[in-house]
Amino acid sequence: MKMRQLAGGCALAALAFSGLSAMADPADDNLLLNGETEIVTHTDAAPEYIDGLSEQYSGWHFREADTRVMQADDFDNPGMLAVEAAIDVWNTEDGSEGKACASCHEAPESMAGVRTQMPKYNEAKGTLYSLEMYINDCRTERMGAEAWGWNDASMVNMTALISSVSRGMPMNVAIDGPAAPFWEQGKEMYYTRYGQLELACSNCHEDNYGNYIRADHLSQGQTNGFPAYRLKNAGLVSIHNRFKGCIRDTRAETYKEGSPEFIALELYVASRGNGLSVEGPSVRN
Ligand code: HEC
Ligand code: HEC
């Protein structure tokens, strides 16, 4: 891997980024899911509208070998228990209309490809929509059921189920047309320095991926693996929950899960991963 210039700034200099050993490189490894589905975890070129990346890597490449292996087989991936739980919910009637997801959408496999496009512009609602928002609209407007909270197990599990049926398909969010202003907003956020440490997403995930920050091997901060099963939390984590954690690490005030700011940021970050395979639920530390 080429040597990358450490980004400037006094606060940044106080944080130790280290990348001097060969260990700092992303693991040279391939992900074959369940011995049959090829997962694209690396590309030789990022989309041309992404200025700061010459190639793309899934976060999978930056995790230890045992964590990588766990994700390769559904029997070893603890995130798949959440998928199983969501299949039960999918088939269970809820709300005043006496309907289940299955009443209208048949099998969960009917959702294949949906995750690759999220977030996307919702014409009917006139704004950018994430997967969670689509799910809640179905619950409140079509089932007469209560909305799920962003971090409710039912919600995160359902996003895991819907992601799981797209695994192996390339991320493909639209950034043009009505999505363009949201993408611009997200891009602006990505390069804005936050908090006492004055760090932007780009300082860690663009300038320093492959390097270590404390004990963490920095990835490109891609979202194709979400929701991610974090071994540290022993549970699934949503994209916005991860964003929150990263912003907190810069000792800044953060936005809420589901906020318009995070949905715009989600679009921009997802577009940096267009072409990488959907992996959710992935396994991370
Ligand atoms: C009464 C029928 C009905 C029920 C019940 C229902 N949905 Fe939907 N759902 C729809 C319709 C109609 C759409 C919009 C389809 C379109 O416009 O492309 C939709 C759209 C979606 C989308 C967005 C798909 C896309 O390609 O943009 C998701 C995700 C979704 N539903 C998930 C769920 C989940 C999860 C449940 C159960 C919690 C559920 N739905 C229950 C009818 C239903
Ligand atoms: C101080 C450095 C730092 C900053 C700034 C930072 N992150 Fe992170 N981020 C990390 C670390 C460390 C991890 C865990 C290891 C890894 O995957 O890089 C991580 C993980 C992630 C992941 C999970 C990747 C995966 O495949 O599991 C995403 C997504 C992410 N960050 C997005 C962001 C976004 C968006 C921002 C800006 C709002 C941001 N990060 C700012 C350090 C940072």
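Residues numbered from 1 in each chain as written. Chains lettered and ligands numbered in written order. Predicted model: local features only at pLDDT ≥ 70, side-chain atom pairs only at ≥ 80, totals over all residues.

Enquirer: Talk me through the site of ligand 1; I want residue IDs and the actual numbers.
Expert: Around ligand 1, the structure places 15 residues, and the nearest of them are C101, C104, Y134, C138 and R142. Elements with a minimum of two residues in the shell around ligand 1: α4 (101-105), α5 (131-143) and α6 (153-164). For the shell around ligand 1, the leading source of residues is α5, giving 7 residues. (Near = placed C-beta within 6 Å. Helix = DSSP H or I, 4+ residues; strand = E, 2+ residues; numbered from the N terminus.)

Enquirer: I'd like to hear about the site of ligand 2, residue by residue, with values.
Expert: Around ligand 2 sit 25 residues, and of these G59, C201, C204, G221 and C246 come closest. With 5 residues, helix α9 (residues 239-249) is the single largest residue contributor to the shell around ligand 2. Here the shell around ligand 2 is composed, by residue class, of 12 nonpolar, 9 polar and 4 charged. (Nonpolar A, V, L, I, M, F, W, Y, C, P; charged D, E, K, R; others polar.)

Enquirer: Outline unusual backbone geometry, listing residues and values.
Expert: Here the amide bond leading from M118 into P119 is cis, since omega sits at 0°, within 30 degrees of zero. Considering the arrangement of structural elements, one finds P119 in the loop between α4 and β6 (120-122). In this structure, P281 follows G280 across a cis peptide bond, with omega equal to 0°. Within the fold, P281 resides in the loop between α10 (260-272) and β12 (282-284). If you check the backbone angles, E106 has positive phi at about 55° while not being a glycine. Here E106 is to be found in the loop between α4 and β6. At R251, a residue that is not glycine, the phi angle is positive and equals roughly 60°. Residue position: R251 is located in the loop between α9 and α10.

Enquirer: Before we move on, can you summarise the domain arrangement of the chain with the specific residues and values?
Expert: According to the domain assignment, the chain consists of domain 1 (10-76 + 171-284) and domain 2 (79-164). Its C-alpha centre places domain 1 at a distance of 24 Å from the equivalent point of domain 2. Contact with domain 1, which involves 25 residues of that partner, is made by 22 residues of domain 2. Put simply, the parts of the chain that give the side of domain 1 that touches domain 2 at least two residues each are α9 and α10. Among the elements that line the side of domain 1 that touches domain 2, the one with the most residues is α10, at 5 residues. Grouping the constituent residues of the side of domain 1 that touches domain 2 by class yields 16 nonpolar, 6 polar and 3 charged. (Domains from an automatic or database assignment. Contact = placed C-beta atoms within 7 Å.)

Enquirer: Tell me what's going on with the packing of α5 against α6, and back it up with residues and numbers.
Expert: Contact pair α5 / α6: the axes reach a minimum separation of 10 Å and the direction vectors enclose 110°. When the interaxial angle is binned, α5 and α6 end up roughly perpendicular. Facing L131, E132 and I135 of α5, the residues of α6 in contact are M155, M158, T159 and I162. Per-class residue counts for the contact of α5 with α6 are 5 nonpolar, 1 polar and 1 charged. (Axes fitted to C-alpha atoms, helices over the stretch in contact; angles between N-to-C directions. Parallel < 35°, antiparallel > 145°, perpendicular 65-115°, else oblique.)

Enquirer: An account of the sheet that holds β12 is requested, with residue identities and associated values reported.
Expert: Taken in spatial order, the 3 strands make up an open sheet running β11-β10-β12, and their pairing is mixed. Two strands close off the open sheet at either side, each with one partner strand: β11 (235-237) and β12. The sheet shows a mean angle of 40° between the axes of neighbouring strands, direction not considered. (Pairing = 2+ DSSP bridges.)

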